[in-house]
Amino acid sequence: MPSTVKGVIARSKGARVELVDVVVPDPGPGEAVVAIQACGVCHTDLHYREGGIDDSYPFLLGHEAAGVVEAVGEGVTEVEPGDFVVLNWRAVCGECRACLKGQPWYCFDTANATQKMTLTDGTELTPALGIGAFVEKTLVAAGQCTKVDEADPAAVGLLGCGVMAGFGAAVNTGAVQRGESVAVFGCGGVGDAAIAGAVVAGATTIIAVDVDPKKLEWAREFGATHTIDSSAEDAVERIREITGGFGADVVVEAIGRPETYEQAFYARDLAGRVVLVGVPTPDTEVTLPLAEIFGRGGALKSSWYGDCLPSRDFPMLVSLYKQGRLDLDRFVSERIGLGDVESAFDKMREGTVLRSVVEL
Ligand code: APR
Ligand code: ZN
Ligand code: ZN
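Residues numbered from 1 in each chain as written. Chains lettered and ligands numbered in written order. Predicted model: local features only at pLDDT ≥ 70, side-chain atom pairs only at ≥ 80, totals over all residues. Heavy atoms only, no water.

## Observations concerning the coordination of the zinc ion (ligand 3)
The condition that has to hold: Excluding water, the donors of a metal are its N, O and S neighbours within 2.8 Å, or within 3.2 Å for Na, K and Ca, and that exclusion means sites may look incomplete. Segments assigned H or I by DSSP are reported as helices when at least four residues long, segments assigned E as strands when at least two residues long, and all are numbered from the N terminus. A 1.4 Å probe rolled over the protein chains alone gives each residue an accessible area, and that area as a share of the maximum for its type sets the label: buried under 20%, exposed over 50%, partly exposed in between.
For the zinc ion (ligand 3), every protein donor is listed as Cys42 (SG), His63 (NE2) and Cys161 (SG), and the spread of their distances is 2.0 to 2.2 Å. Read N to C, the donor residues that coordinate the zinc ion (ligand 3) are spaced as C-x20-H-x97-C. Here the residue His63 occupies a position in the loop between strand S4 (59–60) and strand S5 (65–72), and Cys161 occupies one in the loop between helix H3 (153–156) and helix H4 (162–173), the gap between them amounting to 98 residues. Neither residue differs from the other here; His63 and Cys161 are each classed as buried.

## Regarding the pattern of salt bridges
How we decide: Salt bridge, as used here, is a side-chain nitrogen of Lys or Arg placed within 4 Å of a carboxyl oxygen of Asp or Glu.
Tallying each qualifying case throughout the model produces 21 salt bridges. Put simply, Arg296 and Glu292 hold a salt bridge, and the shortest N to O gap is 3.5 Å. Of this pair, Arg296 and Glu292 both sit in helix H9 (residues 290–296), 4 residues apart, which is roughly one turn of the helix. Put simply, Lys347 and Glu334 hold a salt bridge, and the shortest N to O gap is 2.8 Å. Residue Lys347 is located in helix H11 (residues 341–350), and its partner Glu334 is located in strand S17 (residues 332–336); the two are separated by 13 residues in the primary sequence. Of the residues examined, Lys347 reaches a relative accessible area of 27% and is grouped as partly exposed. What you see here is one network of salt bridges that share partners, running through Glu50, Asp346 and Arg349.

## Some details on the nonpolar core
Rules: Definition used in this section: a nonpolar core is a set of buried Ala, Val, Leu, Ile, Met, Phe, Trp, Tyr and Cys residues joined via side-chain atoms within 4.5 Å. Where each domain begins and ends is defined by an automated method or by a domain database. Residue contacts are defined here by distance: any two heavy atoms, one from each residue, within 4.5 Å place the two residues in contact.
Grouped together as the largest cluster of nonpolar side chains are 90 residues, with contacts concentrated most on Leu87, Phe134, Val156, Leu159, Ile195 and Leu328. Composition of this core by domain shows at least three residues from each of domain 1 (3–160 + 327–359) and domain 2 (166–303). Residue contacts for Val156: discarding those within four places in its chain leaves Ala66, Phe84, Val86, Ala151, Val318, Tyr321 and Leu328.

## Focus on the site of ligand 1
Put simply, the test is: The near set for a molecule or strand comprises every residue that places at least one heavy atom within 4 Å of it. In protein, a polar contact requires one atom able to donate a hydrogen and another able to accept it; more generally it is a pair of N or O atoms within 3.5 Å, and residues adjacent in sequence count only if both atoms are side-chain atoms. Only Asp, Glu, Lys and Arg are considered charged in this grouping, and only Ala, Val, Leu, Ile, Met, Phe, Trp, Tyr, Cys and Pro are considered nonpolar; every other residue, Gly among them, is considered polar.
Contacts to ligand 1 come from 18 residues, most closely from Gly189, Val190, Asp210, Ala254 and Val279. Within the side chain of Lys215, an N or O atom sits 3.1 Å from an oxygen atom of ligand 1. Of the residues in the shell around ligand 1, the class split is 7 nonpolar, 7 polar and 4 charged.

## Describing the packing of aromatic side chains
To describe a pair of aromatic rings, one takes the distance between the centres and the angle between the planes. Stated precisely, the cut-off is as follows: Aromatic pairing here means that ring centres of Phe, Tyr or Trp (its six-membered ring) are within 6.5 Å. Orientation follows from the plane angle: under 30 degrees is stacked, over 60 is edge-to-face, and everything else is tilted. Cation placement over rings: the criterion is NZ of Lys or CZ of Arg within 6 Å of the ring centroid and within 35° of the ring normal.
Evaluated as defined, the whole model comprises 7 aromatic pairs. Considering the side-chain rings of Tyr57 and Phe59, the 4.7 Å spacing of their centres and the 70° angle between planes classify their relative orientation as edge-to-face. The burial state of Tyr57 is the same as that of Phe59; both residues are buried. Taking 5.7 Å as the distance between ring centres and 75° as the angle between the ring planes, the aromatic pair formed by Trp89 and Trp304 counts as edge-to-face. Placement of Trp89 in the loop between strand S6 (84–87) and helix H2 (97–100) and of Trp304 in the loop between strand S16 (299–302) and helix H10 (310–322) is noted, with a sequence separation of 215 residues between them. When its relative accessible area of 10% is taken as the criterion, Trp89 is described as buried. When the ring centre of Trp218 is taken as origin, the NZ or CZ atom of Lys214, which lies over that ring, is 5.6 Å away. Residue placement shows Arg268 over the ring face of Phe265; its charged tip is 4.5 Å from the ring centre.

Encoded structure:
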């Protein structure tokens, strides 16, 4: 029997979110219904609400979630009812060119649930990033569920998006090695996760750059060894100074602006890797001198979803969390209810939280 549950939608461009009844079908072949226990509020949810992603309203918001599998459809072998899972954006196919190249995060043939969740009048909902998790139960493809050890859902749910993106930018895309220096531009949830990743990878110098002193303080708590307020100092010059005149081995840009990407570029050491995880607007352009690339070498890389493989990375990060080596609790600024998503967006805009997390 389909269930009717409470969920948070964005009905039209720019409209405030609404708490409504959502009809969740029984899982079909290859699908699972997951009882959501916690879901972080991410910038992408706000972008959906504001029309920055696409126009397929109404959206069922939320996509950074953990919960318990309630039911599975025909042919599902990945998970079973009772499993504690973290959700990922898209189940990868395992067979396309990207998957076969060992880069499943670029999979061409990702699968989400084929049935639709709806409003009670039958209007189909578009789930944010293929998940839709500000809701008591959600319908996903079974491959979007990664079974992990039981842990606080509010903390480990964050692995489903922001924390994985930042941690993976440093560890997977940037491939930080022990003893290296790392500079991170932008110390929101994504940048701080990159800092935490650099600590786990064994970086010895971790430089946090932001324009907000409070963010720099938080970055230190995640393991930054140096901080730079780039509204007051020249970040590139300071990074060179801190690294003995060279620049950082890995520079992570977690903002998505042309000026900070340029700074990140000049802040790299010989053969340094510059990783772009901050999402640029579609029309953003930067001009980079070819001679500088040629003369210093290195790589300019983008990081898509932290270049993660959920089945490999989510359980590993949960282990690190449970061992006390990755402080996920520090990302959880406040725990809120389904009715508080709009005020969480306000706090996000004001920059007063790293993550608000909806608990159900
Ligand atoms: N120089 C330095 N820091 C800056 C600048 C700047 N010019 N502009 C903004 N910042 C800082 C902000 O003060 C903030 O601390 O960048 C940080 C961005 O953090 P959040 O807004 O909290 O964003 P976050 O959730 O961390 O995501 C960062 O990654 O995945 C992407 O879409 C996401 O593009 C976004 C980026
Ligand atoms: Zn594929
Ligand atoms: Zn997100």
